[in-house]
Amino acid sequence: MFAVVRTGGKQYRVAAGDKIVVEKLAGNAGDTITLDDVLLAGEGSEIKDSNGLAVSAEIIAQAKGEKVIVFKKRRRHNYRRRNGHRQQHTILKIVSIGGEAPKKKAAKKAEAAPAEAEA
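From a predicted model like this one, the values you see are computed outputs, not experimental measurements.

Draft legend 1. Focus on the packing of aromatic side chains. Scanning the entire structure with this criterion turns up 0 aromatic pairs. It is arginine 13 that lies over the ring of phenylalanine 2; its NZ or CZ is 4.2 Å from the centre. One cation-aromatic arrangement involves arginine 74 over tyrosine 79; the distance from NZ or CZ to the ring centre is 4.7 Å.

Rendered as structure tokens:
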């Protein structure tokens, strides 16, 4: 079974046992996280319903990408700036595809309003 998940503004096609490198996610090595923004799921050539589906992944490591040199120059103005940047990455191992996505709790404004009225 495979799924297409969205995290960090990018989309990844994953299957159980895959290792992927994504934008930095909160957590330490060994922690388990759920990716609940599943766009597509399927098995072979069949497409399945992805509503309420979640992908479970384990954080292998927090790492940094290759250094990118940012060099700015304006001709004939003695202007040169050199900067480096290393992007933060999280390496994930996909444990399983399936299971229920955690339900997002709505703010309880209706219950808070009567409490304020009594006071």
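Draft legend 2. Up close: the nonpolar core. In this structure, Val14, Val55 and Leu92 are the most contacted members of the largest nonpolar core, which totals 18 residues. Residue assignment for this core shows that the elements contributing at least two residues are strand E1 (2-7), strand E2 (10-15), strand E3 (19-23), strand E4 (32-35), strand E5 (38-43), strand E7 (53-74) and strand E8 (79-100). If you tally residues by element for this core, the top one is E7, at 4 residues. Residue contacts for valine 55: discarding those within four places in its chain leaves Ala3, Val5, Val14, Ile33, Thr34, Leu35, Val38, Ile94, Ser96 and Ile97.

Draft legend 3. Seen up close, the sheet that holds strand E6 (residues 46-48). In space, the 4 strands of this open sheet follow the order E2-E1-E5-E6, with antiparallel pairing throughout. Both outer strands of the open sheet, E2 and E6, are each paired with one neighbouring strand and no more. Recorded for the sheet is a direction-independent mean angle of 30° between the axes of neighbouring strands. Sheet topology places E5 next to E6; 3 bridges connect them, and they run antiparallel. Considered in E6, the bridge of glutamate 43 is made with glutamate 46.

Draft legend 4. Quick look at the pairing of E4. Burial along E4 is one-sided: Ile33 and Leu35 are buried, and none of Thr32 and Thr34, which face the opposite way, are. Where E4 lies against E7, 4 bridges are found, and the strand directions are antiparallel. Paired with threonine 34 across the two strands is serine 56, which belongs to E7.

Draft legend 5. Representation of the sheet that holds E4 in the model. Within the open sheet, the 4 strands sit side by side as E3-E8-E7-E4. Their pairing is antiparallel. Pairing within the sheet leaves two strands with one partner each, and these edge strands are E3 and E4. Sheet twist, expressed as the mean angle between neighbouring strand axes with direction ignored, is 50°. Taken together, the 18 bridges between E7 and E8 define a ladder with antiparallel strand orientation. Across the sheet, the residue bridging to glutamate 58 is lysine 93, located in E8.

About the cut-offs
- The numbers attached to residues start from 1 for each chain and follow its sequence in the written order.
- Only residues with pLDDT of at least 70 are given local features in this predicted model, and only at 80 or more are side-chain atom pairs given and counted; all residues enter the totals for whole chains, interfaces and linings.
- Note that the side-chain values use all heavy atoms of the structure and ignore hydrogens as well as water.
- Think of it this way: a Phe, Tyr or Trp ring, Trp meaning its six-membered ring, pairs with another when their centres are within 6.5 Å, and the plane angle makes it stacked under 30 degrees, edge-to-face over 60, tilted otherwise.
- For a lysine, the NZ atom is tested; for an arginine, the CZ atom; a charge sits over a ring if that atom is within 6 Å of the ring centre and within 35 degrees of the ring normal.
- To qualify as a nonpolar core, a set must consist of buried Ala, Val, Leu, Ile, Met, Phe, Trp, Tyr and Cys residues joined through side-chain atoms within 4.5 Å.
- Type-normalised accessible area, obtained with a 1.4 Å probe on protein chains alone, sets the label of each residue: buried when under 20%, exposed when over 50%, and partly exposed for intermediate values.
- Runs of E in the DSSP output that reach at least two residues are strands. Runs of H or I that reach at least four are helices, and both are numbered from the N terminus.
- Any two residues having at least one pair of non-hydrogen atoms within 4.5 Å are treated as being in contact.
- Two strands make a pair as long as DSSP finds a minimum of two bridges between them.
- Axis angles are defined between N-to-C directions and span 0 to 180 degrees, where every axis is a line fitted to C-alpha atoms and, for a helix, only to the segment in contact.

Everything listed is a geometric property; what it means functionally is a separate question.
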